[in-house]
Amino acid sequence: WVELLLRVVVSARTYADFTPQATFDIKKCDLHKLEEGPPVQAVLTREEGLQYYRTMQIMRRMELKADQLYKQKIIRGFCHLYDGQEACAVGIEAGINLTDHLITAYRAHGYTLTRGGTVREIMAELTGRRGGIAKGKGGSMHMYAKNFYGGNGIVGAQVPLGAGVALACKYQGKNELCVCLYGDGAANQGQIFETYNMASLWKLPCIFICENNRYGMGTSVERAAASTDYYKRGDFIPGLRVDGMDILCVREATKFAADHCRSGKGPIIMELQTYRYHGHSMSDPGISYRTREEIQEVRSKSDPISMLKDRMLNNNMASVEELKEIDVEVRKEIEDAAQFATTDPEPPLEDLCNHIFHNEPPLEVRGTNPWVKLKSVS
């Protein structure tokens, strides 16, 4: 009886009991070619906190479910998981608008979600089913949504494409910008420096973001780069180095960078210092080049979800029960999506060549030999 009564009392706690918003001290960013940087304090409302918590939990659980389905051989091929880096995607998205544009590399599941994809669509894409976000033809690395130009499989190749999107933003004059993401492994690519140069010459509204998760595949940044100050690598382009495990740091830095771009000052570089818990891809156990202890230490000291949760609980912005309730809802959403992704049919062979062109009359496509003809409908 007492327990039941307590439960009723707890669930009846009115929202007025909670702190509606709080101000937090955040880590100062390192600056390159900038007089001043983002603020060292951030305001978080209760609503924002709950929303960020839910989105990061969805991302985390979705990736863990993908890991499970991969090990069951239900997901095949390339699969790069995003768990550990959730504060980057959710923080960036909180600092820009959905009308802005975003392009990333092949670790793209998180961004597909923040850009408007559903968990069902993402999971079904991973299993190659018809209900997937790219109709089951893209898989892990090639998902798209409105104003989201996908995961891209070629290391660094999305960076010049992102500058092209930023050029379109400037050309159309709608005060939009493009967020262009790459990893520390891609940061030594020549095409990135060529893009920096053109973006700077043309003052393109482009935020170049290096998600530095400390390892490019199995190579640590110290072994791969003569300079690991990725935020300074734009030379003539201003840069910021940000704590990528703190969602508020990422959000404030992104707002600052977005204001820089929208005011016509040209491109800016952000380096987000983050960490991935899984290996580079599912074929990498992730412990031959780093220790289990290192991963465990990051998890216990700077996990992005735990950090946000602690802030909210310590400042009476949410209750433990409320957050547990969100966890239960998230788990159910992931289970339902996994169920859909394993039962939805695969696309039929006749869909293979569809959507090559947009809004064109049907055309014939040559198959694997000259005698096989396939049809493409846009």
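Our subject is the structure listed above.
All of these numbers come straight from a predicted model, not from anything done at the bench.

A. Spotlight on the overall build of the protein. When its secondary structure is counted, the protein shows 12 helices and 12 strands. Taken against the 2.2 N^0.38 rule, which gives 21 Å for 378 residues, the C-alpha radius of gyration of the protein at 22 Å falls within 12% of a compact globule. In the protein, buried positions account for 51% of the 378 residues. A sequence separation of at least 24 residues applies to 71% of the contacts in the protein between residues at least 6 apart. A total accessible area of about 18400 Å² is found for the protein, and carbon and sulfur atoms account for 53% of it. Looking at the protein, you have 46 positive and 48 negative side-chain charges, and the mean spots of the two groups are 3 Å apart.

B. Structural view of the packing of helix H2 (residues 46-71) against helix H12 (residues 320-343). The interhelical angle for the contact between H2 and H12, taken along N-to-C directions, is 40°, at an axis separation of 9 Å. Judged by the inter-axis angle, H2 sits oblique to H12. As H2 runs across H12, the sense of the crossing is right-handed. Facing Arg46, Leu50, Tyr53, Arg54, Gln57, Ile58, Arg61, Met62, Lys65 and Leu69 of H2, the residues of H12 in contact are Glu322, Leu323, Ile326, Asp327, Glu329, Val330, Arg331, Glu333, Ile334, Glu335, Ala338 and Thr342. When the residues that make up the contact of H2 with H12 are grouped by side-chain class, the tally is 10 nonpolar, two polar and 10 charged.

C. Examining the packing of aromatic side chains more closely. What the rule picks out here adds up to four aromatic pairs. Seen from their ring centres, Tyr82 and Tyr111 are 5.5 Å apart, and the 65° between their planes marks the pair as edge-to-face. Residue Tyr82 is located in the loop between H2 and helix H3 (86-95), and its partner Tyr111 is located in helix H4 (residues 109-114); the two are separated by 29 residues in the primary sequence. The same class applies to Tyr82 and to Tyr111, which are both buried. Grouping aromatic residues by their ring pairs yields a cluster made of Phe193, Tyr196 and Phe208.

D. Examining the packing of H2 against helix H11 (residues 304-314) more closely. At their nearest, the axes of H2 and H11 sit 10 Å apart, and the two run at 155° to each other. Here H2 is positioned roughly antiparallel relative to H11, judged by the angle of their axes. For the pair H2 and H11, the sense of crossing is left-handed. Here Arg46, Gly49, Leu50, Tyr52, Tyr53, Met56, Gln57 and Arg60 of H2 come into contact with H11, specifically with Pro304, Ile305, Leu308, Lys309 and Met312. When grouped by side-chain class, the residues that make up the contact of H2 with H11 number eight nonpolar, two polar and three charged.

E. Highlighting the state of the cysteines. Overall, the coordinates contain zero disulfides when judged by the stated rule. Summary of cysteine pairing: Cys88 is not part of a disulfide, and the nearest cysteine sulfur, belonging to Cys210, is at 10 Å. Residue Cys249 stays outside any disulfide, its sulfur separated by 6.1 Å from that of Cys29, the closest cysteine. With a relative accessible area of 2%, Cys249 lands in the buried category.

F. Fine view of the side chain of Asp327. Among the structural elements, Asp327 can be located in helix H12. Of the side chains with opposite charge, Lys309 lies nearest to the buried Asp327, which makes no salt bridge, at 5.0 Å. Within the structure, the side chain of Asp327 is placed 3.3 Å from the side chain of Gln57, a separation counted as a polar contact.

G. Highlighting the environment of Ser220. By secondary structure assignment, the location of Ser220 is in strand S8 (residues 219-220). In the structure, Ser220 is positioned 36 residues away from Asp184 in sequence and 9.2 Å away in space, judged by C-alpha atoms. Beyond its immediate stretch of four places on either side in the chain, Ser220 contacts Arg214 and Tyr215.

H. Representation of the pairing of strand S3 (residues 41-45) in the model. Burial along S3 is one-sided: the residues Ala42 and Leu44 are buried and none of Gln41, Val43 and Thr45 is. Bridge count between strand S1 (residues 21-25) and S3: five bridges; the pairing is antiparallel. Looking at the pairing, Asp25 lines up with Gln41 of S3.

I. Representation of the side chain of Asp284 within the structure. Mapped onto the secondary structure, Asp284 falls in the loop between strand S10 (268-273) and helix H10 (292-302). One buried charged residue, Asp284, remains without a salt bridge, the closest side chain of opposite sign being Arg276 at 4.2 Å. For Asp284, the contacting residues outside a window of four places in its chain are Arg276, Gly279 and Tyr289.

J. Main features of the sheet that holds strand S4 (residues 101-103). An order of S2-S9-S10-S6-S5-S4 is seen for the six strands of this open sheet, with the pairing classed as mixed. Across the chains shown, the open sheet's two edge strands, defined by having one partner strand only, are strand S2 (30-32) and S4. In this sheet, adjacent strand axes meet at a mean angle of 20° when their direction is disregarded. Both strand S6 (residues 206-212) and S10 contribute to a ladder of six bridges, which runs parallel. The residue bridging Phe208 from the neighbouring strand is Ile269, located in S10.

About the cut-offs
Residues numbered from 1 in each chain as written. Predicted model: local features only at pLDDT ≥ 70, side-chain atom pairs only at ≥ 80, totals over all residues. Heavy atoms only, no water. Helix = DSSP H or I, 4+ residues; strand = E, 2+ residues; numbered from the N terminus. Rg over C-alpha atoms; globule rule 2.2 N^0.38 Å. Buried < 20%, exposed > 50% of the residue type's maximum accessible area, 1.4 Å probe, protein only. Contact = heavy atoms within 4.5 Å. Areas by Shrake-Rupley, 256 points an atom, 1.4 Å probe, with all protein chains shown as cover. Lys, Arg positive; Asp, Glu negative; His and termini not counted. Charge placed at Lys NZ, Arg CZ, Asp CG, Glu CD. Axes fitted to C-alpha atoms, helices over the stretch in contact; angles between N-to-C directions. Parallel < 35°, antiparallel > 145°, perpendicular 65-115°, else oblique. Left-handed = near helix turned anticlockwise from the far one by under 90°. Nonpolar A, V, L, I, M, F, W, Y, C, P; charged D, E, K, R; others polar. Phe/Tyr/Trp six-rings, centres within 6.5 Å; stacked < 30°, edge-to-face > 60°. Disulfide = S-S within 2.5 Å. Salt bridge = Lys/Arg side-chain N within 4 Å of Asp/Glu carboxyl O. Polar contact = N/O pair within 3.5 Å; in protein donor to acceptor, adjacent residues only side chain to side chain. Pairing = 2+ DSSP bridges.

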